[in-house]
Structures are given as C-alpha cells and as structure tokens.
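# Commentary on secondary and tertiary structure
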Amino acid sequence: MPLDNKAVIRQTACPHDCPSVCALDVEVLPDGKIGKVKGAKSNSYTLGVVCAKVARYSERVHHPDRLLKPLRRVGEKGVGISAFEEISWDEALDAAADGLLKAEEKYGAETVWPHFFAGTMGWVQRDGIERLRHAKKYSRQHSSICTALPDAGWNAGIGDKRGLDPREMASSDLIVMWGGNPVATQVNVMTHIAKARKERGAKLVVVDPYRTGTAEAADIHLQLKPGTDGALAAAIGHVLLRDGLCDLGYLSRYTDWDGELEEHYSTCSSVWAAEITGLSVDEIESFAKLYGQTKRSFLRLGYGFTRSRNGAANMQAATCLPALTGAWQYEGGGALYSNTGMYSNIDKTLIAGLDVLDKSVRLLDQSRIGPILTGDKQDLGDGPPITALFIQNTNPVVVSPESNKVHEGFMRDDLFVVVHEQFMTETAAMADIVLPATTSMEHDDIYSSGGHTHFHVTQKIIDPIGGCRSNHDVNSALAKRLGVEHQGFDMSAWQVIEETFKRSGLKDANQVCEDRWIDYALPFEEAHFLNGFPHPDGRFRFKPDWPSMGPLGHKMPRLPGYFDYYDQKSERHPYRLVTAPARQFLNTSFTETKGSMSREGRPQAKIHPDLAADLGVGDGEMVVLGNDQGQVRLHAEVFSGLQKDTIVVESIFPNHKFIDGMGINALISAEAAPPNGGAVFHDTAVWIKKSN
Ligand SMILES: Nc1nc2c(c(=O)[nH]1)N[C@H]1C(S)=C(S)[C@@H](COP(=O)(O)OP(=O)(O)OC[C@H]3O[C@@H](n4cnc5c(=O)[nH]c(N)nc54)[C@H](O)[C@@H]3O)O[C@H]1N2
Ligand SMILES: Nc1nc2c(c(=O)[nH]1)N[C@H]1C(S)=C(S)[C@@H](COP(=O)(O)OP(=O)(O)OC[C@H]3O[C@@H](n4cnc5c(=O)[nH]c(N)nc54)[C@H](O)[C@@H]3O)O[C@H]1N2
Ligand code: SF4
Ligand SMILES: [Mo]
C-alpha cells in the first residue's frame, strides 16, 4: 500500500470471536506494518478501550511464525513446520482440489466436510466456505460449539436473539453479570459497568463458580456450583413471588403466566436451592430481594453458564427473572445475551450461497468432530465416512470435545486434510496441504456485533503479508478447480459486500465504510419488547415449546428452573471441572504470541486449599485429572475462590503445553446437549490425584 514516510491511523474492526467487536484505530507505519492499536473513541460502545491482547496486535500480525507460503506435508502428521515443504500457490490449490475430487469420486460429495468456525467473525471471510460447501453438496455443518445452547435457552422464552442495548447500563441501578467474565472475555462491558457505578452508584453482582477478575470487582459474588444456575433462578423467583416483588400486571399482559407456574415456583425455596447450589440461604434471599426491589436491573447473561447439558434450561430460567419483576418496562432494566438477531435484514444469500443450499444433504454436528472422524455410525447416518476435510478459521485438534478421538481421527491415513491458517496450529500440523491466510488487517469484510448494536464495514489497512491469501480468494480459486460456478466466486470480496448491501436495501457500502458502521439500536419500546415478545402470541414463555427447538427438545423440562440433567458428581468422579477462557488468549488465538503466553504461563488446575490439603498437593505441584474420556496432567494452583468440589482450568492452551501432550478437552464429553446440540465445556465430573 503506498505510504509516505509518516505513520497514519487507519480504521477497522476487531475480527476475533468476541462479543465486543471493537472499532479499532490502527497506526500504520511507513514500512507498511501496523503499530499501535487503539479502540475508537468515536464508537459509543468501544469508547476508546480494547483488551490488552489486541493492543499488542502487531505482535500477532507480524509474528515471525506467520505462515507466508503454501506448504505440502512430506513428513509425519502432527510434527509441525519441519514436516512441510514450500510449494507454489498453483501447486497447492491443484493438490487441494485433486485430493477433494478424489475423495468425492470414491465416496460421493458427502465424504468431504468443510469445517469452519469464527476465527474471524467477518461475514464474507467466515461464511464464504458455506457457498463452496453448498455448491458442491459437501456434508453440511451444524455449528453448535459456541452458541447452540445459549441461543436455544434465550430464544425459548424471549423469541429472538436480541435484548437490551448495552449502553443502557448507564441508566441501571443493578447489573448482574451471570455466567460471564467480561474482564477477560469482553472488556468493554466493564467500561459501561464502571460508568453506571460512578454516575449512579449502581451495584454489580456476579454469578460464577469461581472468583474471576469480574467477580473480584463485584459488590456481591454468588459463587455457586457449576450447572446449578437453574435452581438459583427458580429460588429467586420463589422469593419474588412470596414477598410480593413480582409485577402481576406485567406478567398477565406480557407472558404465559398461570397458576401452574405459581404453584411450581412455590416449591423452589431458598433452602432447597442452597442445598443444590452450595450458596447460603441468606445469599439467595438477599440477592433475590435486591433484584426484586430494583426496577432498573440489567441482567448481562454470558455464555459460560450454558456450556452444560442443562445449559439451555439454565439460560431460560434466568430470562424468567425480568419477566417476573417486569424490569423490561424501565430504562436500564431487562436482559442482554446477544444482539446478533438484530442484523437479520442483511441478505446473506450471496455470501453463504443460500441459493444453492440443499437441505437434503447430510448435516454433521461440529462439536462431534471426534466421534465423526472415528466413524460413529449415529453421526454419519447412512452416509459415507469423512475422508476429506477443508478447514478455515478453526483449530479443532485443540478446541473440540473428546480430544483423544479428534486426535485419533486426524491421524487416519485415509483422511485428506487441507487447512487454511495464519499459523502452524496443531490442526494445520495434521494437514496434507496448508494454505497461508491473511488477517483482517489484510482483507475486506463486514462484522455484526453480538455484545452491542453496530454493524461494521472495513477494508484492508495493509497489504497481505508474504504470500497470504484471504478465505474469499482461496474459496474462489478452489471453486474453479472443483468445477463449480456461482456468481460469488467471480467477484472480489468487496464486490460481494457491495452487492449484499444493495440487495439488503442498505446505503452504499463505500459510504458505510467511510462512516465505519451502522448503528442498529432499536427504539426503547422495541428493544424492551413493550410491543410484545417476538413469539407469534407476543408473550414471553415461562413454558417454552422445547420440542420444536431441536431433535433433543423432548428431553427438556416443561417448567422453568432446575434441570438435573448434567454430569453430576459421583463416587468415582467427585469433582466438577470448569474450563473457562483465559484472559490473554482468545480461544486458541494468541497462544502463539509471547506477550500472551508469558502472561498466562502454563495450564493450571485451580483447586481449593482444603482439597489441596486432602490430596497432599502444594501450590505448583502436579496433579492428574481424569474421567471416562481421558486423563490430563498439569500443575495445581491452590486458590480459595471456589467451592471445594469445583476445579477450574483456564483455557484453551495448546495440547503440547500440557505435560503429556494432551490438553484439557480430552476430558470434555462430545455428548450433544438438548434441545439442539452444543458443547458442554463446563460440565465435567472428574477425579483428581496427586502426580509425580
Ligand atoms: N480473553 C478471552 N476472551 C474471549 C474468549 C477467550 O477464550 N479468551 N473467548 C471468546 C468466545 S468464543 C466466547 S463464546 C466468549 C465467552 O465469554 P463468556 O460469556 O464470558 O463465557 P465463558 O467464557 O464460557 O465463561 C464465562 C464464565 O462462566 C463461568 N461459568 C462456567 N460454568 C458456569 C455455571 O455453571 N454457572 C455460572 N453462573 N457460571 C459458569 C466461568 O467460570 C467463566 O468465568 O468469550 C470470547 N472472548
Ligand atoms: N476447554 C474449552 N474449550 C473451548 C472453549 C472453552 O471455553 N473451553 N470455548 C469454545 C468456544 S466458545 C469456541 S467459539 C471455540 C473456538 O474455537 P476456534 O474457532 O478453533 O478458535 P479461534 O482461536 O477463535 O480461531 C481458530 C483459528 O482461526 C484462525 N483464523 C483467524 N482468522 C482467520 C482467517 O481470516 N482465515 C483463516 N483461514 N483462518 C483464520 C486463527 O489463526 C485460529 O488459529 O472453542 C471452544 N473450545
Ligand atoms: S475486547 Fe474483544 S473485540 Fe475488543 S479488541 Fe479485544 S478481542 Fe477484539
Ligand atoms: Mo465462542
């Protein structure tokens, strides 16, 4: 990109899988590299703040280990860069297409599984692989790993994936951060909480099984046992009803409230919930009263408390609370989980090839890649085995449940793998062909924001580094070689964006790019569902139609609250493991940078001092965690901020950072959670032993 000899500030958005989707002001240096990265002050959600890992972003973009050339594996799988030789783009694309075509010839198109996720959240670069998939009738992906459980739980009661504008926290008197840790996972929430505390004296309550950075900052921390949120929510409902803190007028006008529900809540006492959650009766009662007495109460619902077999029920149980008090009627009152449903007027047909989608093609569950690659008949159905994978924006060898099976599957000799990546991840190390990918600084894209209401449009701010190509360019080049045609493959990424905006009746994309974003914030009445909830009858549902929400919906309880279907403690597995995100990583991204790795150090199991004493384990000594899925060895960190039967391992460290080379997801089950699948990363009963 032509530059004079002065640094300039260019504008973009953070592409990572994070609800904050920060608007970024990035310094571009005279040598074409990026310099300092700051949050845009002009964006009323970002407010000039970014997390520490992206403030250090040049470290990742200009990392000496960035993949810069296409590679072919000539050595063993899983070894890393030394097992590969450099090849030209033409050779690499030919070999990739050849491998996919050969697999298809032998077993039919469904033997190929394009596997992707949200390493970049840009719609064009993330979802363009769907166009290739659908055009080729390759096996489809049920993208369940992150949002299937919370989406089901939220939509069950509310009806659409949107909630409060987070900037409304400025008008809240009570903010409840439930099952999320924004100090680590979406720092901007803390900016808005801090404003409400400073300007209105708002209180912050955190519901989390361990003392996170967010819990440390809170006025009240409800340190419950993982998986028991439904019981807590039901007991709060009980107190609200008992003490006359419900808005009965609101309940009858806006919800499906009835006598059966009243009867149901009357059985969910604080004493009952204290037993299940491990909280004291007093903690439950006083929080319930505080919640019931505060009209402007903002529930900020995270993902964490839904990553459990009963996660959808937990989420739905929490969404019942503002319906009980009628908090939705007041500014700063109500709830937010995610706002990604807000952008539904943007037509995705061209981006994702929805015009060539064939729903009769087999749908495979992303979270079950381990069982799928090891030939699970139930997953594969009548279809062929998976013998070819084309992977973009995800690192399944590390992030997916049942890592031992994932590993075994990738090691198969009859599996052909193409990985398009920025780094030699443990997944890339399993590939036959590795293609080097641009970062968001080097390509054009558009981004919706889950944690707020802005839709961003960005163009590249530096030239692609080395020989890197964008996902869009690679998908288009592969499509040609695979003999598929679609308008989207003949356009540049920017043309796809322009055409998408035209079809959606939006302003010209160039203009929006100059403006940086469109703010999709809704008027008060809409955002607060005062014109009705987005169900056909306009009512919030205490009794959701779970069976309509997914193939496992029949397993869900009819009434809101505690669903005791989770990996409960047993004699063999007396502890419950939570694998919450580490602050300096973003999933597996940033595990390659020194700035992040040196701060996180090594994988550690946080264990209660009483448990450490029982085991005879000192701080920094080694322990083994295990269950029916596997065993993992790591160091112990003696930590008082959790219940004695809870263990926390912040994640996601690469497998090779663990003593035996197998990481924490070896312990996580790939069981699909009801009603519609979803991975259960924080729902694992384990045993623990001292190790040598
Ligand atoms: N630094 C950093 N930021 C990230 C990520 C990262 O890995 N690192 N990942 C990104 C992604 S992909 C996502 S989806 C979001 C997720 O962001 P969050 O919404 O914060 O969700 P989680 O990360 O799953 O977990 C958050 C908290 O939930 C708690 N938790 C676990 N089980 C339970 C439970 O049963 N009940 C309750 N009440 N709490 C529970 C955990 O202890 C943890 O503190 O963050 C994004 N941002
Ligand atoms: N134990 C445990 N496991 C978890 C979780 C947990 O809390 N605990 N969280 C789960 C959750 S919520 C999620 S969302 C998943 C996330 O799992 P992943 O999606 O696998 O994680 P990311 O690190 O966000 O992204 C993966 C890769 O995308 C690459 N990438 C980024 N941009 C581009 C691009 O433009 N093109 C290409 N080709 N590649 C790109 C990055 O280099 C990175 O290696 O992990 C899940 N796994
Ligand atoms: S807080 Fe999230 S969106 Fe903002 S810069 Fe950090 S990773 Fe990106
Ligand atoms: Mo996620």
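Okay, so let's go over this structure.

Quick notes on the rules
- Residues numbered from 1 in each chain as written.
- Chains lettered and ligands numbered in written order.
- Predicted model: local features only at pLDDT ≥ 70, side-chain atom pairs only at ≥ 80, totals over all residues.
- Heavy atoms only, no water.
- Near = heavy atom within 4 Å.
- Polar contact = N/O pair within 3.5 Å; in protein donor to acceptor, adjacent residues only side chain to side chain.
- Areas by Shrake-Rupley, 256 points an atom, 1.4 Å probe, with all protein chains shown as cover.
- Nonpolar A, V, L, I, M, F, W, Y, C, P; charged D, E, K, R; others polar.
- Core = buried A, V, L, I, M, F, W, Y, C linked by side-chain atoms within 4.5 Å.
- Buried < 20%, exposed > 50% of the residue type's maximum accessible area, 1.4 Å probe, protein only.
- Contact = heavy atoms within 4.5 Å.
- Helix = DSSP H or I, 4+ residues; strand = E, 2+ residues; numbered from the N terminus.
- Pairing = 2+ DSSP bridges.
- Salt bridge = Lys/Arg side-chain N within 4 Å of Asp/Glu carboxyl O.
- Axes fitted to C-alpha atoms, helices over the stretch in contact; angles between N-to-C directions.
- Expected span 1.5 Å × (residues − 1).
- Parallel < 35°, antiparallel > 145°, perpendicular 65-115°, else oblique.

Moving on: the site of ligand 1. Taken together, 32 residues are adjacent to ligand 1, and Asp-208, Gly-227, Asp-229, Pro-581 and Phe-585 come closest. Asn-587 places a main-chain nitrogen or oxygen 2.8 Å from an oxygen atom of ligand 1. Here ligand 1 has 910 Å² of accessible area as a free molecule, and 97% of this is covered by the chains. By residue class, the composition of the shell around ligand 1 is 16 nonpolar, 10 polar and 6 charged.

Grouped together as the largest cluster of nonpolar side chains are 82 residues, with contacts concentrated most on Trp-178, Leu-301 and Phe-542. Setting aside its immediate chain neighbours within four residues, Leu-301 contacts Trp-154, Trp-178, Met-315, Ala-318, Thr-319, Ala-335, Leu-336 and Tyr-337. In this structure, Ala-103, Val-112, Leu-482 and Phe-489 belong to the second largest nonpolar core, which totals 27 residues.

Note on strand geometry: in a regular strand, side chains alternate between the two faces of the sheet. Burial of strand S18 (residues 454-458) is extensive: 5 of the 5 residues sit out of reach of the surface. Neither face of S18 is exposed, since His-454, His-456 and Thr-458 on one face and Phe-455 and Val-457 on the opposite face are all buried. With 3 bridges connecting them, strand S17 (residues 445-447) and S18 associate as antiparallel partners. When the bridges of S18 are listed, Asp-445 appears paired with Thr-458. What sits between S17 and S18 in their antiparallel hairpin is a turn of 6 residues. Summarising the sheet, S18 and strand S19 (residues 517-519) pair through 3 bridges and their orientation is antiparallel. Counted as the bridge partner of His-454 is Asp-519 from S19.

Let us now look at the pattern of salt bridges. Overall, the coordinates contain 48 salt bridges when judged by the stated rule. Asp-173 is the partner of Arg-200 in a salt bridge, and the nearest nitrogen-oxygen pair spans 3.0 Å. One end of the pair, Arg-200, is in helix H7 (residues 188-200); the other, Asp-173, is in the loop between helix H5 (148-157) and strand S8 (174-178), and 27 residues separate them in sequence. Relative accessible area serves as the criterion here: at 27%, Asp-173 is assigned to the partly exposed category. Between Lys-225 and Asp-645 there is a salt bridge whose closest N-O contact spans 2.9 Å. Taken together, the residues Lys-225 in the loop between strand S10 (220-222) and helix H9 (229-242) and Asp-645 in the loop between strand S23 (631-638) and strand S24 (646-649) connect sequence positions 420 residues apart. Several salt bridges converge on common partners, so that one network encompasses Arg-242, Asp-243, Glu-285 and Lys-289.

If you trace the 3 strands from one edge of the open sheet to the other, you get S17-S18-S19, paired in antiparallel fashion. The sheet is open, and its two edges are formed by S17 and S19, each paired on a single side. Strand-to-strand twist in this sheet, taken as the mean axis angle between neighbours without regard to direction, amounts to 10°. Set on the sheet, helix H4 (residues 123-136) makes contact with S17 and S18; between it and S17 the angle comes to about 100°. Those strands touched by helix H21 (residues 493-503) are S17, S18 and S19, and its axis lies near 140° from that of S18.

The subject of this paragraph is helix H13 (residues 281-293). Here H13 is 13 residues long and its end C-alpha atoms lie 18 Å apart, about the 18 Å a rise of 1.5 Å per residue gives. For H13, every residue scored as buried is listed here: Ile-284, Glu-285, Phe-287, Ala-288, Tyr-291 and Gly-292.

Once that is clear, we can look at the side chain of Asn-310. Tracing the backbone shows Asn-310 in the loop between strand S11 (297-301) and helix H14 (311-325). Among the polar contacts listed, one links the side chain of Asn-310 to the backbone oxygen of Gly-227, at a separation of 2.9 Å. In contact with Asn-310, other than residues within four places in its own chain, are Gly-227, Phe-563, Tyr-565 and Tyr-566.

Read across the open sheet, the 5 strands follow the order S10-S9-S8-S11-S12; overall the sheet is parallel. A single partner strand is all that each edge strand has here, and the edge strands are S10 and strand S12 (334-336). Averaged over all neighbouring strand pairs, the angle between strand axes comes to 20°, with direction disregarded. Where S11 lies against S12, 3 bridges are found, and the strand directions are parallel. Its bridge partner being in S12, Phe-298 is matched across the sheet by Gly-334. Along the sheet face, H14 touches S8, S11 and S12 and points at about 165° away from the line of S11.

In the neighbourhood of ligand 2, 30 residues make up the surrounding shell, with Asn-395, Glu-421, Asn-471, Ser-589 and Asn-665 lying closest. In the environment of ligand 2, a nitrogen atom lies 3.0 Å from a nitrogen or oxygen atom belonging to the backbone of Thr-579. At a separation of 2.7 Å, a nitrogen atom of ligand 2 approaches a polar side-chain atom of Asn-665. Contact with the protein chains hides 97% of the accessible area of ligand 2, taken as 920 Å² for the molecule alone. When the residues that make up the shell around ligand 2 are grouped by side-chain class, the tally is 8 nonpolar, 18 polar and 4 charged.

Take the packing of H4 against H21 next. It is the contact of H4 with H21, at a shortest axis distance of 12 Å, that shows an interaxial angle of 85°. Classified by the angle their axes make, H4 and H21 are roughly perpendicular. Where H4 abuts H21, its residues Val-124, Gln-125 and Arg-131 lie against Ala-493, Val-496 and Ile-497. Class assignment of the residues belonging to the contact of H4 with H21 gives a composition of 4 nonpolar, 1 polar and 1 charged.

In this section: unusual backbone geometry. Trans is the common state for peptide bonds, and a negative phi is the common state for residues other than glycine. Geometrically, the link from Ser-651 to Ile-652 is a cis peptide bond, its omega value of 10° lying close to zero. Each neighbour pair has its own omega, and for Pro-674 with Pro-675 the value is 5°, a cis peptide bond. Of note, Pro-675 is situated in the loop between S24 and strand S25 (684-690). Backbone geometry at Leu-47 places phi at a positive 50°, although glycine is not the residue there. Mapped onto the elements, Leu-47 comes out in the loop between strand S3 (34-39) and helix H1 (52-55). For Leu-47, a relative accessible area of 31% corresponds to the partly exposed category.

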